[in-house]
Amino acid sequence: MSDGDQMTPSRPVRLATRTVAISVFLLLIAGALVTSTGSGLAVPDWPLSYGKLMPPMVGGILYEHGHRMIAATVATMVGLQILVLGFRRTDRTTFRLGLAAFGAILAQAVLGGLTVLFLLPPAISSAHAGLAQIVFALTATIALRTSLFWSRFTDAAPRAAVEHGLRTRASRLALWAAGATYVQILLGAIVRHTGAGLAIPDWPLSFGKVVPTGAEWATDGVLAHFLHRTFAWAVAALVVAAALALRKLDAIPGLRRLSTLWLGLVALQVALGATSVWTGKAVWATSAHLAVGGLLWIAGVLAAVLLARAATLSPAPAAAEVGEPQEAAA
Amino acid sequence: MRTDFRSDASKSMKTFPASRPLWGALVPLAFLIAACSPNAPEAPKAPAGPAGKLGTAVVAGRVTLEGAPPLNTRVTMATDPFCNGQHPGETELPEVAVGPDGGLENVLLRVTEGVSGVYAAPAEAKTLDQKGCAYSPRVLAIMTGQPLEIVSSDATIHNVHAAAKENRAFNLGMPAPGTRYTRTFEKPEIVPFRCDVHPWMRAFVAVLPHPFFAVTAADGRFEIRDLPAGTYTVEAWHEKLPRQTFTLTLADGETATHDVAFPSVPSA
């Protein structure tokens, strides 16, 4: 195991890590369906379900126990991924990411159990939602680092004629956009788990106004809901700025496509947020809103990881090379 | 200690093995966590203070809905074959249940002002059943400390989730017909009950510190008995309609009649 430029991982490794990342995404959707259908407490016990491994899959049990079954399968896959990464001698960082993903998904299972046993306290349920996105980011990064694209990127990035200042700016914007998206996901989790999804019943206005007034603020959930919908515009602006900055680095392979995907996702996510309100929290709309939020976050994480990789491979030019004053000359 | 999905009466039933490899690491932790779970019954506390008095006055009347009944929620129960068999096709939920002559069912009438003293809870339990994938009754009133027996008559699985705020909330599994639990509530509040397996199932258990309450029957009639002479404020509570109150003064042995009319709303 090394931490430098590794050999291109074999096809089974690439397939395994990609499958794990996609499975984690499907698990996120399954979790979204549990909350969106109000099935979070359809199974009152944990880790068993009505004292069994397999209760009757009726009503809300289908969603809650289905989520548990998918989670158990995905957790096993994330565990096996460590073995694959270890035996196939991937680089040390990727292996460590694999360990972190397994630790995070086990912690995630415990949070899932806690939130059921304590009847869905918003703090624990929101932490469960937030940690899910960390697991997704870890597995997506592992899939990226073991992909053929990563190898090609490693070869091509140092040769790409890219101005250092542009790359640094794009890197900073990608980090800010990813961070803001994660904060927005946590705000969304609070809205979801405090039942504040329709606390403000209209969109884009709030109670027919730009900003709620007077007694409207005293209504349960209005503050969290308003923060979520207002911060969404800040996130959208950061994502657009970061995506446009990525487009200026089109000499580096893959960044232009990622930029287009990122812009598409942010537009779709705003539309789904609005649709969630307009449809009175239709199950499909709120679940899709959570899923696309996850993809938006992953796009930011992958952009940041790729730009960090490009910076490692092509370090900043020495001051003399760019013609800066030589303070210590002579 | 673990969270027990089984009824109080069926704890001698066999337990299920939990030692599958995947769960192996999590089960001990889960049991530890379950020890702190809020599902265990709360120990009843004896009320303190001077004893409240009973009298011979009665307030009776009828609750009606003025105007057209609102549109109740319509659901299909296709997610559970048993429930779907009981209620095929689309079913209207009895959120605002109005009889043919305008009588409004499931309205709680409770004295909110004028009662003093501490009243001992009856030992007799009241029963909340799950029958035909619905709670029966939908609105039930008990006294603080009075046993509430929760039973299931359905040949399907239910959970009983009491979303109490003042009392301890709980969530119990009702995996088979005949499952039975007994719980008490120590503080007054209206506790919403729901089944998360069948999200259309709703009930409301009003917990009151005195015996002066009634819930309207299908014809909207109610009767609050055993009131001592005095002046009282009575509140009429409905799960979907704005509360109504009235005040009246009663003499010993008097039976006063007071009807209540709720204004209709566009939809339930």
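Here, every reference points to the structure presented above.
Computed from a prediction, not measured in an experiment: that's the story for all the values here.

Criteria and thresholds
Residues numbered from 1 in each chain as written. Chains lettered and ligands numbered in written order. Predicted model: local features only at pLDDT ≥ 70, side-chain atom pairs only at ≥ 80, totals over all residues. Heavy atoms only, no water. Pairing = 2+ DSSP bridges. Helix = DSSP H or I, 4+ residues; strand = E, 2+ residues; numbered from the N terminus. Axes fitted to C-alpha atoms, helices over the stretch in contact; angles between N-to-C directions. Salt bridge = Lys/Arg side-chain N within 4 Å of Asp/Glu carboxyl O. Buried < 20%, exposed > 50% of the residue type's maximum accessible area, 1.4 Å probe, protein only. Disulfide = S-S within 2.5 Å.

Draft legend 1. Seen up close, the sheet that holds strand β16 (residues 230–237) of chain B. All names here are of chain B. With antiparallel pairing, the four strands of this open sheet are ordered in space as β14-β4-β16-β17. Two strands lie at the open edges of the sheet, namely β14 (213–215) and β17 (244–250), each paired on one side alone. Across the sheet, the mean angle from the axis of one strand to that of its neighbour is 30 degrees, orientation sign disregarded. In this structure, strand β4 (residues 108–113) lies alongside β14, joined through three bridges in antiparallel fashion. Residue pairing in the sheet places Leu108 in a bridge with Val215 of β14.

Draft legend 2. Just the pattern of salt bridges, in detail. The tally for this structure, following the rule as stated, stands at 14 salt bridges over all chains. With a shortest N-O distance of 2.6 Å, Arg145 of chain A and Asp91 of chain A are connected by a salt bridge. With Arg145 of chain A in helix α4 (residues 122–145) and Asp91 of chain A in the loop between α2 (59–87) and α3 (92–117), this pair connects stretches of sequence that are 54 residues apart. Each member of the pair, Arg145 of chain A as well as Asp91 of chain A, carries the same accessibility label: buried. Each of Arg74, Glu90 and Glu92 of chain B takes part in one network of salt bridges that share partners.

Draft legend 3. Spatial organisation of the sheet that holds strand β8 (residues 148–152) of chain B. All names here are of chain B. An order of β6-β5-β8-β11 is seen for the four strands of this open sheet, with the pairing classed as mixed. One side of each edge strand has no neighbouring strand; the edge strands of this open sheet are β6 (135–136) and β11 (180–183). Bridge count between strand β5 (residues 126–130) and β8: five bridges; the pairing is parallel. In the strand pairing of β8, Gln130 is matched with Ser152.

Draft legend 4. Examining the state of the cysteines more closely. Residues and elements named next belong to chain B. Within this structure, the stated rule accounts for one disulfide over all chains. The disulfide partner of Cys83 is Cys133, and the S-S distance across this bridge is 2.0 Å. The chirality of the disulfide connecting Cys83 with Cys133 is left-handed, given an S-S dihedral of about -75 degrees. With a gap of 50 residues between them, Cys83 in helix α3 (residues 81–86) and Cys133 in the loop between β5 and β6 connect regions that are remote in the sequence. Take Cys83: its relative accessible area is 0%, and that puts it in the buried class. This cysteine, Cys195, is not joined by any disulfide, and Cys83 carries the nearest cysteine sulfur, 7.9 Å off.

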